[in-house]
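# An overview of the molecular structure
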Amino acid sequence: MMVLAVLFAVLGAVSNATGTAFQRKAASTLPGRTGLRLLLALARRPAWAVGIAGVTGAAVFQALALVNGPMALVQPLFMLELPFALLIAVPLLHRRPNPAGWWAIAGVVAGLALLLASAAPHGGRQQAAMTRWIPVLVLTLGAIAVTVLLVRSSSSPLFRAAALATGAAVGNALAAAFMKSATARLADAGLPAFLTTWQTYACALTGIAALLFLENALQAGPLVASQPALTIGDAAVSLTLGVVLFGESVRTGWWLLPEAIGAGLILWGVVRLTRVVPHLKGVIR
């Protein structure tokens, strides 16, 4: 089961990275178009259709991964989307590889491997009682509300981007928790149970809200402010929700030292990637 969870999570990261890269390729062929005109034009582009298929496939793989393994393991593995996105986008968008980018990718992958090997997430259950859901909902929704208030009170692009990305990270992690619970109902009791459980609709609403936060974060400020908050925040909140909601276990004690080193490597790699990607040079064709 754990092997399947890892496999599906990695496939989900690859699928999402592919979808994102192809969507960007399609959008790059339509400069100057916005809103509905852009959407209608994109719908006629094969690359955009591939992108949508990639994003849809990522959601399916994520659901399968969460059914087969602990949330504290599955969600951090989706950080692999960042290096996969760069690996796919470089040839797809005809960019020249940058050695600094490869070092950043190595940092993310090595840090993630060290973090997960040290934490060794395991155990847990598929469902959580309402006595666990209620405090989690109060804290997570409260945290999202605080990010909105902070954004409204600040004019700093860096701060606004980081705060909005943090809200998106909390939303993504909460949506994953809803998805884990809803897909477990689907696996155990079939489609009628899936369609009648509240977590199914909470997952959809939270996912949409997280997407809106992300889009606003990308518009509010530079990627170097939003991406680390999104990537690290999603993994950290997901790990916490896995432990608190579903009773998953991670190693503590002296294992916290290599876990901290792994998290530091991930942070360094993510920051480097956000600085490197905008400066990739196009190939002269």
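The structure we're discussing is the one just above.
So, a few notes on the structure that sits alongside this text.

About the criteria used
Starting from 1, residues in each chain are numbered consecutively following that chain's sequence as written. Only residues with pLDDT of at least 70 get local features here, since the model is predicted, and only at 80 or more are side-chain atom pairs given and counted; chain-wide, interface and lining totals rely on the full set of residues. No hydrogens and no water enter the side-chain calculation; it runs on all heavy atoms of the structure. What we call a nonpolar core is a set of buried Ala, Val, Leu, Ile, Met, Phe, Trp, Tyr and Cys residues that are connected through their side-chain atoms within 4.5 Å. When a residue's accessible area, from a 1.4 Å probe over protein chains only, is under 20% of the maximum for its type it is buried; when over 50% it is exposed; and in between it is partly exposed. Only heavy atoms matter for contacts: two residues are in contact if any of them lie within 4.5 Å across the pair. For Phe, Tyr and Trp, where Trp contributes only its six-membered ring, two rings pair if their centres lie within 6.5 Å, and the inter-plane angle classes them as stacked under 30 degrees, edge-to-face over 60, or tilted in between. What counts as a helix is a DSSP run of H or I of at least four residues, what counts as a strand is a run of E of at least two, and both are numbered from the N terminus. Patch construction takes residues with relative accessible area above 30% that form no salt bridge. Like charges are linked within 9 Å, and nonpolar side chains (Val, Leu, Ile, Met, Phe, Trp, Tyr) are linked within 5 Å. Calculation of accessible area relied on Shrake-Rupley with a 1.4 Å probe; when residues are assessed, cover is drawn exclusively from the protein chains displayed. Only one rule defines a salt bridge in this text: a Lys or Arg side-chain nitrogen within 4 Å of an Asp or Glu carboxyl oxygen. How far a helix is expected to stretch is found by multiplying one less than its residue total by 1.5 Å. In this analysis an axis means a line fitted to C-alpha atoms, helices contributing only their contacting stretch, and an angle means the value between N-to-C directions, from 0 to 180 degrees. The labels follow the angle: roughly parallel below 35 degrees, roughly antiparallel above 145, roughly perpendicular from 65 to 115, and oblique for the rest. Helix crossings are classified by the rotation of the near helix relative to the far one: an anticlockwise turn of less than a right angle makes the crossing left-handed, while a clockwise turn makes it right-handed. Any residue outside Ala, Val, Leu, Ile, Met, Phe, Trp, Tyr, Cys, Pro, Asp, Glu, Lys and Arg is labelled polar, Gly included; the first ten of those are nonpolar and the last four are charged.

This part is about the nonpolar core. Core analysis: the largest hydrophobic core is formed by 40 residues, its most contacted members being Trp133 and Leu245. The residues contacting leucine 245, other than those within four sequence positions of it, are Arg125, Ala128, Arg132, Trp133, Val136 and Ala177. Ala163, Leu164, Phe213 and Leu230 belong to the second-largest nonpolar core, a separate cluster that totals 12 residues.

Looking now at the packing of aromatic side chains. In the structure shown here, the tally under the stated rule is 6 aromatic pairs. Here the aromatic rings of phenylalanine 8 and phenylalanine 61 are separated by 6.3 Å at their centres, their planes lie at 25 degrees, and the arrangement is stacked. Of this pair, phenylalanine 8 sits in helix α1 (residues 2–28) while phenylalanine 61 is found in helix α3 (residues 46–68), placing the two residues 53 residues apart along the sequence. Accessibility expressed as a relative area gives 17% for phenylalanine 8, which makes it buried.

Taken together, the side chains of Met1, Leu4, Leu7 and Leu11 define a hydrophobic patch exposed on the protein surface, amounting to about 370 Å² of accessible area. Along the chain, methionine 1 falls in the segment before α1. We classify methionine 1 as exposed; its relative accessible area is 63%.

Looking now at the side chain of threonine 197. Mapped onto the fold, threonine 197 is located in the loop between α9 (191–196) and α10 (198–220). For threonine 197, the contacting residues outside a window of four places in its chain are Ala182 and Arg185.

Attention now moves to helix α8 (residues 157–189). The end-to-end C-alpha separation of α8 is 47 Å, in line with the 48 Å expected for 33 residues at 1.5 Å each. Following α8 by one or two positions, glycine 190 has its phi on the positive side, about 90 degrees.

What follows concerns helix α7 (residues 130–152). Over its 23 residues, α7 runs 32 Å from end to end, which matches the ideal 33 Å to within 8%, given 1.5 Å per residue. Here α7 has its buried residues at Trp133, Val136, Leu137, Thr140, Ile144, Thr147 and Val151.

Next up on the list: the environment of alanine 169. Within the fold, alanine 169 resides in helix α8. Alanine 169 gets classed as buried once you look at its relative accessible area, which sits at 0%. If near-sequence neighbours (up to four positions away) are discounted, alanine 169 is found in contact with Ala229, Leu230, Gly233 and Asp234.

Contact pair α7 / α8: the axes reach a minimum separation of 8 Å and the direction vectors enclose 160 degrees. Judged on the interaxial angle alone, α8 and α7 are roughly antiparallel. Judged by the twist between their axes, the crossing of α7 over α8 is left-handed. The residues of α8 that touch α7, namely those facing Trp133, Val136, Leu137, Thr140, Leu141, Ile144, Thr147, Leu150 and Val151, are Phe159, Arg160, Ala163, Leu164, Thr166, Gly167, Val170, Gly171, Leu174, Ala177, Phe178 and Ser181. Its residues assigned to classes, the contact of α7 with α8 comprises 14 nonpolar, 6 polar and 1 charged.

By secondary structure assignment, the location of valine 170 is in helix α8. Distance from valine 170 to valine 237, taken between C-alpha atoms, is 6.3 Å for residues 67 residues apart in sequence. Not counting residues within four places of it along the chain, the set of residues in contact with valine 170 comprises Thr140, Ile144 and Val237.

With that settled, consider unusual backbone geometry. A positive phi is found at alanine 120, a non-glycine position, where the angle reads about 45 degrees. Structurally, alanine 120 can be placed in the loop between α6 (99–119) and α7. Overall, the relative accessible area of 23% leaves alanine 120 in the partly exposed class.

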